[in-house]
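In case you want the letters, here they are:
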Amino acid sequence: MSSPKATLHKLYLHSEQQPRYETVSVLVNRTPSDDASGTILVRPLALQPGGFRCTLFVPNCLPVTSDVFPRKREAEQDAAKKALEQMGCAYSCEMQLPKVSTPEEKMEALVERIGAVFSEKVIMSFYPFREHFKVAMTRKDGRSGAVPAAALAVLDNRISSLCKSLHVSSENDPLFALAMICEAARRSSFVCCENGYLIKRKVVFTPQFEAEFLGSNRQEEAYSKFKAVYIPSSEDLIVRNIEIDLEPRSYYMDTLARNLGVREGSEIMMSRTIPRAPNDARLYYAIPDIQIIPKSWETPVGVVLQGKNELVYNRRASDLLGYSVYGDAILASVGSTWKSEGKLVFADVSLSCYYRLLLGRTPEGNYKLKRDAILVSKLPNSFSSRAQWRGTLPRSLLIDFCHQHRLADPDFVLHSTNPSSDMLPIEDRKGSNGSYRCRAKIVHQDQVVEFESEHHYRNRCDAIQSAALRALFHLSKKVPTVPHHVQNVQLSPTSTSKCLSLDDRAVGCEPENGFVNGNVNSEGSSNPVDYLNKAIAAGSMVCMSYNVWLVGNGVNMKVEAHEEFEFQIGVGGIIGELESIISGMHIDAYEELLLPVDNIENILATNQETVHDLENPVIEQCSLKYCIKVLRIVEPSEDRMESALFSPPLSKQRNEFALGKIRELNAKSLVDFGCGSGSLLDVVVDQITHLECIAGVDISLKSLLRAAKSLYTKVVLQKNGDEDNYSSKLKKIVLYEGSLAQPDPRLCGFDIATCMEVVEHMDPEPLKRAGDIILGKYAPRTLILSTPNIEYNVLLQKVALDTKVSSGENRVVSSGACLNSSGHFEEPAERSSIANLSDDESNAQSIRLRNDDHRFEWTRSEFQEWANSLALRFGYTVEFSGVGGCAEDPGFATQIAIFTRDLPISASEENRPNSLKAEIDASQRFFPCYREVWKYKKEGFRK
């Protein structure tokens, strides 16, 4: 036996829109003075409820609200029951839907449902049919009481569901449903099909019922007009607005039919409501000849369409609906709905609405509409992170696309690089660690197509979005789009400049070919921009205000504007010509860009209605003038710049390099200086090594607490007492809070030490002391130290270079602490976040440091000079390597020095500075200076 909720679900099983349940808990509070009175308080479900009330929103129906029930399920069932009664499908406890399996049984169910629609109870309660039955009852000819079969095929969800079960093509094309309804009416004993596509009762309505129905459906009859969009089948004719005149007591289907050149309303077909169309707009077009093949419902094809050659294929209307339309078509918003309680309502449909609907059929166009920046924005070609993305996320766009084109929802499968993880569906991967790749699977054109994320992501949601974006770009090529009138664009910077207010900059400006350079600074003066010498780093978030004007050929019209528009540099989020100009601008800079019109449809899709008064040839001869002002620039973090070029991320490559050295040396003890949140320690704990003791040191207590939480989860919670399966066999892990510029005797004697991406965060004097302490006092057998290579920032920030970066005369000069000729540090007079490629200031090209917290960044020669000097003083040999890129110019993105101890500790102690010796002696006489934050031993752990 089916419940009311299940019955309602079956009615909308194949509908694009589904019923939506909203349930809230209610508490009945009674006042002490009057127990009979009470107030109902609505509270969220998270609180303890005294009862539940459900509001059900059914597509094309009025919302219904249930009574208060002690259980949520009972409230939802009551709301579903009331919705069925409103739709004329009253539910009773004895009601049970018969099992429909064979084609003949499905046809019998369709015959029964069509007969039920013509029952007096359904006619009185089913509001979308009221306008059609009102006209049917007022006719005095042989068509009295007859309703177009097209209305039944589209407006009743139960009929639509049965038609789809008979023939799957009826979901995509209502013409197939129309053919089956006519065949079912011919088989019915209650209704009949006559005069083409009109369905009527065999037994006429009683005069009493007609009087009651017409009396309840009275509305003021008046002469009305509304605008619709006429879509000719011939592409030589333009799409245009027409005015529909509705005379009093006229049938709107007959009026639309006359505008389409056919005899009456029963000869035109209406589509289902177009998704995202305002005011439930539909498409109306003439019905081609349809023929039913008798007794062929058991075959895959039981309906054939004939006479198509008499009507011309309408490509533009077909693109709008997603299935074939023949002959001219009208896009109109008119009819009776649930919201209007059966009264006839209508609304204007503009040309902009048509072009926006057409644009929204493609992923690129849908993204433009969601951003409300049709002439500026583009679907980005890369996904970096959710924080950097602007506009609707790719996964939502992909699901929206699948719904529009009636495809199954995409399936996303995540794969973690964690060796203990396998390829699992998304719902099984919550809480897992490691980096992720995602594969999106889509059934398109009867084939399963897979798309993989661009690279590894730390966040599983980012991996999903990346895979969805790859799928969108593939599907964009498969979807028919409006034709583009592409012209070659030549950018030619000129010396012309104009200082105008942002709202009026295009007013009175004569269009010029090429680019108009008007870089306006805060004082209002105009200075030319050197695009080669200034560049916004890739990955930066830019906020700009802009106006787009249609100019030329006597036209001067603003077509699009944004006071604040944010986008990311380097991912293709805006048109390429515009991004190349903005990349060379700075805050408060103003530029103008003149481009030819390459897509008339995009201009017509803007909200500027006056543009439709222009003829297409006039628009083609115009140009688009972009007036841009940069408001804000937020530069990317170091991780974001690196992730744009490296897969796996550079941080993961550094950890893998250190792990390889640990295994190669068979080290049993490790100390990580500047361990941060424990990224390297997490990797070491997860892998099989010979390590028995691990220590981490950092100056940030907050970072150490995060590291302790992660290590506690891995070492204590995941071990579960099974020592045989715990691969690392660690005996001790300790985390210390302290500065590397201060010695602590507990860190002496480790086999291997790491210092990854730390030195560039230190000032010169603390860095000098840290180097002496690590190699002079702690004296590990091996030290692995990494730091950014500033020469590689050229590629990270995508700065165009005229000269090749090398270690010669034009080498990069680091910003911050520098070495003098004797190998000691010098503090610069002014620390800057910009490094120059040449000492010649006139030809200098700016390179920014990767992180605002970096005190300096070294070139390869500077790093090697510092490392060689340090190794020589304490009896170490040093070799250089790196990760990210190659050894050739400009070198590795991360440069690494591997210090290996040559002399015994006693011999190396002789080379220590006297000041360091005195400090070490003092530290050994007193308590250690580092604070122990977290400690784990094999037999347990201690905070």
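A few points on the structure. (Residues numbered from 1 in each chain as written. Predicted model: local features only at pLDDT ≥ 70, side-chain atom pairs only at ≥ 80, totals over all residues. Heavy atoms only, no water.)

### Here we look at the environment of Tyr436
As for its position among the elements, Tyr436 is in strand E18 (residues 436-444). When its relative accessible area of 3% is taken as the criterion, Tyr436 is described as buried. Considered as a pair, Tyr436 and Asn459 are 23 residues apart in the sequence and their alpha carbons are 6.9 Å apart. (Helix = DSSP H or I, 4+ residues; strand = E, 2+ residues; numbered from the N terminus. Buried < 20%, exposed > 50% of the residue type's maximum accessible area, 1.4 Å probe, protein only.)

### Thoughts on the nonpolar core
Within the largest apolar cluster, 142 residues are counted, with the highest numbers of intra-cluster contacts made by Ile582 and Tyr626. In terms of residue count, helix H9 (residues 174-187) provides more of this core than any other element does, nine residues in total. Those residues in contact with Tyr626 that lie beyond four places of it in its chain are Leu375, Val376, Asn547, Val548, Ile575, Leu578, Glu591, Glu592, Leu593 and Leu595. Ranked by size, the runner-up nonpolar core spans 35 residues in total, among them Phe750, Tyr778, Ala779 and Ala897. (Core = buried A, V, L, I, M, F, W, Y, C linked by side-chain atoms within 4.5 Å. Contact = heavy atoms within 4.5 Å.)

### Notes on the packing of aromatic side chains
One pass over the full model with this rule turns up 16 aromatic pairs. Between the aromatic rings of Tyr546 and Phe565, the centroid separation amounts to 5.8 Å while the plane-to-plane angle is 90°, which identifies the pairing as edge-to-face. With a gap of 19 residues between them, Tyr546 in strand E21 (residues 541-552) and Phe565 in strand E22 (residues 555-568) connect regions that are remote in the sequence. Ring-pair connections join several aromatic residues into one group, and the members of that group are Phe856, Trp858, Phe863, Trp866 and Phe880. Note that Lys5 overlies the ring of Tyr21, its terminal NZ or CZ placed 4.7 Å from the centroid. (Phe/Tyr/Trp six-rings, centres within 6.5 Å; stacked < 30°, edge-to-face > 60°. Lys NZ or Arg CZ within 6 Å of the ring centre and 35° of its normal.)

### What to know about the pattern of salt bridges
Counted under the stated rule, the structure contains 33 salt bridges. With a shortest N-O distance of 3.6 Å, Lys225 and Glu243 are connected by a salt bridge. On the criterion of sequence distance, the pair formed by Lys225 in strand E8 (residues 224-231) and Glu243 in strand E9 (residues 240-246) is long-range, its members being 18 residues apart. Judged by relative accessible area, which is 44%, Lys225 ranks as partly exposed. Here Glu757 and Arg654 are joined by a salt bridge, their closest N and O atoms 3.7 Å apart. Of this pair, Glu757 sits in the loop between strand E28 (752-756) and helix H24 (764-778) while Arg654 sits in helix H21 (residues 650-664), and the two are 103 residues apart along the sequence. Take Glu757 and Arg654: they sit in the same class, and that class is buried. Salt bridges sharing common partners tie together Glu104, Glu183, Arg186 and Arg187. (Salt bridge = Lys/Arg side-chain N within 4 Å of Asp/Glu carboxyl O.)

Shape descriptors only; they carry no functional weight alone.
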